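# Observations on chain architecture
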Amino acid sequence: KVRYLPRIKKCSDSIPGVAEAIGKEDWDALRDFATVVADDTILPMKLYVSSLTGGGTNVKVGFAKDMLNAAKSFEKAQKALVTSVEKKDVAKCSAALETMSEALLAYRTSGKLLGPDGGG
């Protein structure tokens, strides 16, 4: 939990600034977010869900499926954002960021990870 959640929260906290960068067409900031911050968020999202459902326990975590689906949606949108930044397409950047934001919110809400430190 301590290893994964700070990276997930960092990405979530970065989204308003990224939306501004899209408006300003700050392609360097967008590239940095898409290829570093957002990219570094995908694996922690998946690993955190895995840690909830794995470990040899028989604990049934009903919301884990929703979290995994949100992680997959986030990953797909992150790839779209990278492509959109390369093409300098403002509209597609906005759409990809909106999908990423929605997926991240769904993930954090499902996992009750809305606390100030990114945890529950």
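Refer to the structure printed above.
This write-up is about the structure you can find in this document. (Residues numbered from 1 in each chain as written. Predicted model: local features only at pLDDT ≥ 70, side-chain atom pairs only at ≥ 80, totals over all residues. Heavy atoms only, no water.)

## Some points on the overall build of the protein chain
Heads up, the rule is: A run of H or I in DSSP counts as a helix once it spans at least four residues, and a run of E counts as a strand once it spans at least two, with each numbered from the N terminus. Using C-alpha atoms as the atom set, the radius of gyration is obtained and then compared with a globule rule of 2.2 Å times the number of residues to the power 0.38. Throughout, exposure labels follow a simple rule: accessible area from a 1.4 Å probe, protein chains only, divided by the maximum for the residue type, with under 20% read as buried, over 50% as exposed, and the rest as partly exposed. Every residue pair with non-hydrogen atoms within 4.5 Å of one another is taken to be in contact. Per-residue and other accessible areas were derived by the Shrake-Rupley procedure at a 1.4 Å probe size, with only the shown protein chains allowed to occlude residues. Charge convention: Lys and Arg are scored as positive, Asp and Glu as negative, and His as well as the terminal groups of each chain are ignored. In plain terms, the charge of a residue is placed at NZ if it is Lys, CZ if Arg, CG if Asp and CD if Glu.
Counting its secondary structure elements, the protein chain contains five helices and zero strands. Helices and strands in the protein chain line up, N terminus first, as α-α-α-α-α. Since a compact globule built from 120 residues should have a radius of gyration of about 14 Å, the 15 Å found for the protein chain is in line with a globular shape. Its C-alpha atoms put the protein chain at 50 × 25 × 20 Å along the principal axes. For the protein chain, the residues scored as buried account for 41% of the 120 residues in total. In the protein chain, once contacts between residues fewer than 6 apart in sequence are set aside, the share between residues at least 24 apart is 71%. When the accessible surface of the protein chain is summed, it comes to about 6,800 Å², and 54% of that surface belongs to carbon and sulfur atoms. Counting 18 positive and 15 negative side-chain charges, the protein chain places the averaged centre of each group 8 Å from the other.

## Describing the packing of aromatic side chains
This is how it is decided: Two rings belonging to Phe, Tyr or Trp (six-membered ring only in the last case) form a pair when the distance between their centres is within 6.5 Å. Interplanar angles under 30 degrees mark stacking, angles over 60 mark edge-to-face geometry, and anything in between is tilted. A positively charged side chain is recorded as over a ring if its NZ (Lys) or CZ (Arg) lies within 6 Å of the ring centre. The angle to the ring normal must also be within 35 degrees.
In the structure shown here, the tally under the stated rule is zero aromatic pairs. Its end group placed over the ring of F63, K112 keeps NZ or CZ at 5.5 Å from the ring centre.

## Focus: the packing of helix α2 (residues 27-37) against helix α4 (residues 64-87)
Stated formally: A fitted line through C-alpha atoms serves as each axis, taken over the contacting stretch for helices, and the angle formed by two N-to-C directions is quoted from 0 to 180°. Just so you know how the angles are binned, under 35 degrees is roughly parallel, over 145 roughly antiparallel, 65 to 115 roughly perpendicular, and the rest oblique. Definitions for this section: a left-handed crossing has its near helix turned counterclockwise from the far helix by less than a right angle. A right-handed crossing has that turn clockwise. Residues are grouped as follows: nonpolar covers Ala, Val, Leu, Ile, Met, Phe, Trp, Tyr, Cys and Pro; charged covers Asp, Glu, Lys and Arg; every other residue, Gly included, is treated as polar.
Direction vectors running N to C along α2 and α4 enclose 155 degrees, while the axes themselves pass 9 Å from each other. Accordingly, the angle class assigned to the pair α2 and α4 is roughly antiparallel. α2 and α4 meet at a crossing whose hand is left-handed. Contacts between α2 and α4 involve W27, L30, R31, F33, A34 and T35 on the former and, on the latter, Q78, L81, V82, S84 and V85. Residue composition of the contact of α2 with α4, by class: seven nonpolar, three polar and one charged.

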